[in-house]
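Structural overview
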Amino acid sequence: MTTRLMLVSPAMNPALREARFPHTDDPAATAAGAATGPATGAGAGAGARPSTGPGGEPRTETAAGPGARSGGDALDALGLRQAEAVREHFPATATAYVSPSPRCRRTAEALGLHAKPLPALAPCAMGRWQGRTLDEVAAAEPDALASWLSDPASAPHGGESLLELLARTAHWLDALGDGAASDGAPADGATGGSATPPSPTTRATPPSPRATDGRLIAVVEPDIVRACAVHALGAPPAAFWRIDVRPLTATELSGRAGRWNLLSGRPLHSTAP
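So, a few notes on the structure that sits alongside this text. (Residues numbered from 1 in each chain as written. Predicted model: local features only at pLDDT ≥ 70, side-chain atom pairs only at ≥ 80, totals over all residues. Heavy atoms only, no water.)

Structural notes on the overall build of the protein chain
The helix and strand tally for the protein chain stands at eight helices and eight strands. Within the protein chain, counting contacts between residues at least 6 apart in sequence, those at least 24 apart form 74% of the total. For the protein chain, the computed accessible surface area is about 10,800 Å², with 56% contributed by carbon and sulfur atoms. (Helix = DSSP H or I, 4+ residues; strand = E, 2+ residues; numbered from the N terminus. Contact = heavy atoms within 4.5 Å. Areas by Shrake-Rupley, 256 points an atom, 1.4 Å probe, with all protein chains shown as cover.)

Points about the environment of Gly159
Topologically, Gly159 is positioned in the loop between helix 6 (142-150) and helix 7 (162-177). Measuring from C-alpha to C-alpha, the distance between Gly159 and Ala125 comes to 5.0 Å, with 34 residues separating the pair along the chain. In this view, Gly159 contacts Ala125, Gly127 and Glu164; residues no more than four positions away in its chain are not counted.

Overview of the pattern of salt bridges
Tallied over the full model, the rule gives four salt bridges. For the salt bridge of Glu141 with Arg128, the shortest nitrogen-to-oxygen distance reads 2.6 Å. Of this pair, Glu141 sits in the loop between helix 5 (134-140) and helix 6 while Arg128 is found in the loop between strand 5 (116-117) and helix 5, placing the two residues 13 residues apart along the sequence. Given a relative accessible area of 15%, Glu141 falls into the buried group. (Salt bridge = Lys/Arg side-chain N within 4 Å of Asp/Glu carboxyl O. Buried < 20%, exposed > 50% of the residue type's maximum accessible area, 1.4 Å probe, protein only.)

Some thoughts on the sheet that holds strand 4 (residues 95-98)
Ordered in space as 5-4-6-1-7-8, the six strands form an open sheet in which the pairing is mixed. With one partner strand each, in any of the chains shown, strand 5 and strand 8 (259-267) form the two edges of the open sheet. Pairing of strand 1 (residues 3-8) with strand 6 (residues 215-219), which is carried by five bridges, proceeds in the parallel orientation. Bridge pairing in strand 6 links Arg4 to Arg215. (Pairing = 2+ DSSP bridges.)

Considering the side chain of Thr133
Structurally, Thr133 can be placed in the loop between strand 5 and helix 5. Leave out the neighbours within four places in its chain, and Thr133 touches Glu18, Ala19, Arg20 and Phe21.

Some details on the packing of aromatic side chains
Applying the stated criterion to the full structure yields three aromatic pairs. On the basis of an interplanar angle of 75° and a centroid distance of 5.3 Å, the ring pair of Trp148 and Trp241 is categorised as edge-to-face. Highlighted residues: Trp148 in helix 6 and Trp241 in the loop between helix 8 (222-233) and strand 7 (249-256), separated in sequence by 93 residues. Judged by its relative accessible area of 3%, Trp148 is buried. Judged by centre distance (5.1 Å) and plane angle (90°), the ring pair of Phe240 and Trp241 falls under edge-to-face. Like Phe240, the residue Trp241 is buried in the burial classification. An aromatic cluster of at least three residues, connected via ring pairs, comprises Trp129, Trp148, Phe240 and Trp241. Lying across the ring of Phe240, Arg226 places its NZ or CZ 4.8 Å from the centre. (Phe/Tyr/Trp six-rings, centres within 6.5 Å; stacked < 30°, edge-to-face > 60°. Lys NZ or Arg CZ within 6 Å of the ring centre and 35° of its normal.)

Describing unusual backbone geometry
A positive phi angle, close to 55°, is found at Leu248, a residue other than glycine. Positionally, Leu248 belongs in the loop between helix 8 and strand 7.

Side note on the nonpolar core
Of all hydrophobic cores here, the largest spans 36 residues; its most connected members are Leu5 and Trp172. At the level of secondary structure, the elements contributing two or more residues to this core comprise strand 1, helix 5, helix 6, helix 7, strand 6 and helix 8. Among residues more than four places away in sequence, those in contact with Leu5 are Trp172, Leu173, Leu176, Leu216, Ala218, Thr251, Glu252 and Leu253. Judged by nonpolar contacts, the second largest core, of 21 residues, contains Met6, Phe90, Cys104 and Ile217. (Core = buried A, V, L, I, M, F, W, Y, C linked by side-chain atoms within 4.5 Å.)

Quick look at helix 8
Its 12 residues give helix 8 an end-to-end C-alpha distance of 16 Å, which sits within 8% of 16 Å, the value for a rise of 1.5 Å per residue. Of all 12 residues making up helix 8, 10 are buried, and the element is well covered by its neighbours. When helix 8 is considered as a whole, its buried residues turn out to be Pro222, Asp223, Ile224, Val225, Arg226, Ala227, Cys228, Ala229, Val230 and Ala232. At the exit of helix 8 stands Gly234, carrying a positive phi of roughly 65°. (Expected span 1.5 Å × (residues − 1).)

Details of the pairing of strand 1
Burial runs high along strand 1: five of the six residues are buried. Here strand 1 pairs with strand 7 via six bridges, running antiparallel. Note on strand 7: the bridge partner recorded for Leu7 is Thr251.

Shown next as C-alpha cells:
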C-alpha cells in the first residue's frame, strides 16, 4: 500500500522572530505526552538550525524566548489567528501526529487535528546553545558554529549532529514506507527500510495504530520537514541548509519501501483534502 504523508509546518511566534535556539530539555515541552497544547518555532521546537536567507546566508529558525522555557514557545495571538484561518478539513481516515513542541501541538489543535506527539519527530537537540540566538553563538563560539554549519557529523553544542537528525528521520520515514506502524516502529517483526540505523540519540517511540488507508498527517518543526525532503530526494546532507520551510505550509510525500515522491511547500489554504 502506498503511504501518503502530509507534513505541516507550524505557525510563526515571537521567539522564532528573535532567531533564538529553543530549550531542548524542557520537560513541559517534551513530556507533554498525549495532549495537544501550545507550540514552537518554524525551525524550532526541540532545536533550531539555520535555513538560508535571500543571499544564501544561514538564517536561524527558533522558538524559545529570552530565558523562557515552554511559555516562550507558545503561539501568540497573531500566530494562533493565522493557524485558525487556514483550518483544514483533513481526510477523516488519516492518522495525525505532531512534533512534541508547544508550537506544533498548538498549531495542530488550531487546525482541528487530534494529533499524538511523537518523540521521533522532535527537532534536533541543541545542547548548550539552547536559549541563545545565532548571533550570540556566533560571537561566543565562532569556530564551533562554523564547524556545525560545515560538518554534518559535528555537534559542538553537545546535542545531536545533523547526521544523527537525518538518520533518525530517515529511519522513521522508511519505516512508514515499509508498512510499519505509523509512528515508525516496525510492524510484524520488520526492521524498517532505512539503510542507515537510527542514531544512539534517536528518541524511542511507543507503538501506535496504523493509518487505515495509508494517509498520515504530521505537524512538525521545519527541520523535520527538511530532513524528510533530503532523505526522500537522496540529497547530500548539505542540502538540508538549502531548504526553506515557510510557516503553515504542506509538504507531501508519497511512496513505499523507501521510494518517495515529494510535493513541497503549498500554503494550507490551497491544499485539497
